[in-house]
Amino acid sequence: MSNSQIPVTQSFDGVVEVLALPAQGMVTLRGDLADERLREAVNDTVGVEVPLVRRADFQDARGVIWMSPDELLLIVGAGQGAAIADRLQTSLAGGHALAVDVSDARVVFELRGRRLREVIAKLAPVDMSPDAFTPGDFRRTRFGQIAAAFWLVDDTCARVICFRSVADYMFGMLCHAADPAAELIVY
Amino acid sequence: MLILTCPCCGVTGEETEFHGGGEAHLTRYGPGSTDEEFQAYLFRRENPKGVHFERWRHVNGCGKWFHAARCTVTLEVFGTYPAQTLRPPEDLLERIREKRPGWRWKDLS
């Protein structure tokens, strides 16, 4: 069982609001994403279909994220990671797939505000124009010096994930980029 | 700066999102090979002025390896292609022939 009740509730109010979200359940699933059995198992356990390439699909608080051609990240409720991983592993038994509870591996930050595209563009080498990056799009990249990933919930809300070991660096960097004295208006 | 397109996830990103993995299409020689073959596999590398084939990894991204063909002089990227091949695709070779007539790289031209 993961002890994922670590309260991460830092916040910063700048050009955008930066929030460190409380712990969530996360499960890494590796396998053949075209396999019908795997797709059904994901839909049955999480309630969300396997998304298209570089997309993050959510149904309320539960979501499935496309991480690589053979990897998904499942977002579930806090404390549910281990149980979901077990259920997936059981329903995929006999096939070549692996589900692991990684709830404690990563932290989630939320950016809220109209200028979040500019804030992300300061830190990541990604084209953040509204035509190129739309709500539901997901991108693994780097923020400053660290590996990170993010997706747009809608035009005024984005979520950023990175490894917990670099969470302080990420929070500091996001706050710095959201400093009102350094506001950018591009998009 | 190189702009590479990862054939595994389709992202077109700049160099800092990727990591170079050295020369492409090496033949590995291990136990049972001659000393010359093993020495050549370990140490001898192409160092071309012009067309070059390399392995790259989308390290800050999907994490997959792939191949890239580029020019070491102008940093022009001719194209990228999947890692699961022993030879660059013919349409990429044709494109390079058009842009760099007379190029050679190992047994490719």
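Remember, it's a predicted structure, so these values are computed and weren't measured experimentally. (Residues numbered from 1 in each chain as written. Chains lettered and ligands numbered in written order. Predicted model: local features only at pLDDT ≥ 70, side-chain atom pairs only at ≥ 80, totals over all residues. Heavy atoms only, no water.)

K.L.:
Help me understand the overall build of chain A in this model?
P.N.:
Summing up its helical and strand segments, chain A has four helices and eleven strands in all. A globule of 187 residues ought to have a C-alpha radius of gyration of about 16 Å, and chain A, at 17 Å, matches this closely. The dimensions of chain A, computed from C-alpha atoms along their principal axes, are 55 × 35 × 30 Å. Of the charged side chains in chain A, 18 are positive and 25 negative, and the gap between their average positions amounts to 3 Å. (Helix = DSSP H or I, 4+ residues; strand = E, 2+ residues; numbered from the N terminus. Rg over C-alpha atoms; globule rule 2.2 N^0.38 Å. Lys, Arg positive; Asp, Glu negative; His and termini not counted. Charge placed at Lys NZ, Arg CZ, Asp CG, Glu CD.)

K.L.:
Is there a simple way to think about helix H1 (residues 36–46) of chain A in this case?
P.N.:
Two residues of an α-helix separated by three or four positions point the same way, owing to the 3.6 residues in each turn. Residue and element names in this part refer to chain A. Among all positions of H1, only Leu38, Ala41, Val42, Thr45 and Val46 are buried. An end-on view of H1 places all buried positions within 100 degrees of arc, on one side of the element. Residues Glu36 and Asp44 are exposed on H1 and point more than 90 degrees away from its buried face. On its buried face, H1 sits against strand S3 (25–30), strand S5 (62–68), strand S6 (71–76) and helix H2 (81–91). Residue Gly47 follows H1 closely and has a positive phi angle near 85 degrees. (Buried < 20%, exposed > 50% of the residue type's maximum accessible area, 1.4 Å probe, protein only. Arc of directions from axis to C-beta. Contact = heavy atoms within 4.5 Å.)

K.L.:
Mind showing me how you'd approach the packing of helix H3 (residues 116–123) of chain A against helix H4 (residues 167–177) of chain A here?
P.N.:
Each pair of packed helices can be described by the angle between their axes along with the distance between the axes. Residues and elements named next belong to chain A. One can describe the packing of H3 onto H4 by two numbers: an axis separation of 9 Å at closest approach and a directional angle of 125 degrees. If you check the angle between H3 and H4, you find them oblique. Handedness of the H3/H4 crossing: right-handed. Facing Val119, Lys122 and Leu123 of H3, the residues of H4 in contact are Met173, Leu174 and Ala177. (Axes fitted to C-alpha atoms, helices over the stretch in contact; angles between N-to-C directions. Parallel < 35°, antiparallel > 145°, perpendicular 65-115°, else oblique. Left-handed = near helix turned anticlockwise from the far one by under 90°.)

K.L.:
Before we go on, may I ask you to explain the interface of chain A and chain B in this structure?
P.N.:
Accessible area lost when the parts come together is the quantity often used to give the size of an interface. Across the contact, 14 residues belong to chain A and 13 residues belong to chain B. Between chain A and chain B lies a buried interface of about 990 Å² when both sides are counted; carbon and sulfur atoms form 49% of it. Applying the counting rule to chain A against chain B returns three salt bridges. Its salt-bridge partner being Glu17 of chain B, residue Arg139 of chain A comes within 2.7 Å of it at the nearest N-O pair. (Buried area = accessible area lost by both parts, 1.4 Å probe. Salt bridge = Lys/Arg side-chain N within 4 Å of Asp/Glu carboxyl O.)

K.L.:
I would appreciate a short explanation of the confidence of the model for chain A in the present structure.
P.N.:
A low pLDDT score tells you not to read the predicted coordinates there in detail. Per-residue confidence for chain A averages 94 on the pLDDT scale, and 95% of its residues sit at or above 70. Contacts of residues 1–6 of chain A to residues separated by more than four positions or lying in other chains number 14 contacts, the stretch itself having pLDDT below 50. (pLDDT = per-residue confidence, 0-100.)

K.L.:
What should I look at first to understand a negative patch on the surface in this one?
P.N.:
On the surface, a cluster of negative charge is contributed by Asp32, Asp35, Glu36, Glu40 and Asp44 of chain A. Judged by its relative accessible area of 59%, Asp44 of chain A falls in the exposed class. (Patch = residues over 30% accessible without salt bridge, like charges linked within 9 Å, V, L, I, M, F, W, Y side chains within 5 Å. Areas by Shrake-Rupley, 256 points an atom, 1.4 Å probe, with all protein chains shown as cover.)

K.L.:
What is the right way to read the environment of Leu21 of chain A from this model?
P.N.:
Tracing the backbone through its elements, the reader meets Leu21 of chain A in the loop between strand S2 (17–20) and S3. For Leu21 of chain A, a relative accessible area of 14% gives the class buried.

K.L.:
Please explain the sheet that holds strand S4 (residues 51–57) of chain B as it appears in this structure.
P.N.:
Note on sheets: strands pair through backbone hydrogen bonds, and any given pair is parallel or antiparallel. Residue and element names in this part refer to chain B. The strand order across the open sheet built from four strands is S3-S4-S5-S6, with neighbouring strands paired in antiparallel fashion. Of all strands in the sheet, those bounded by a partner on one side alone are strand S3 (19–23) and strand S6 (77–82). Each neighbouring strand pair of the sheet contributes to a mean axis angle of 30 degrees, computed without reference to strand direction. On the sheet, helix H2 (residues 90–99) packs against S4, strand S5 (65–71) and S6 and is oriented at approximately 170 degrees with respect to S6. (Pairing = 2+ DSSP bridges.)

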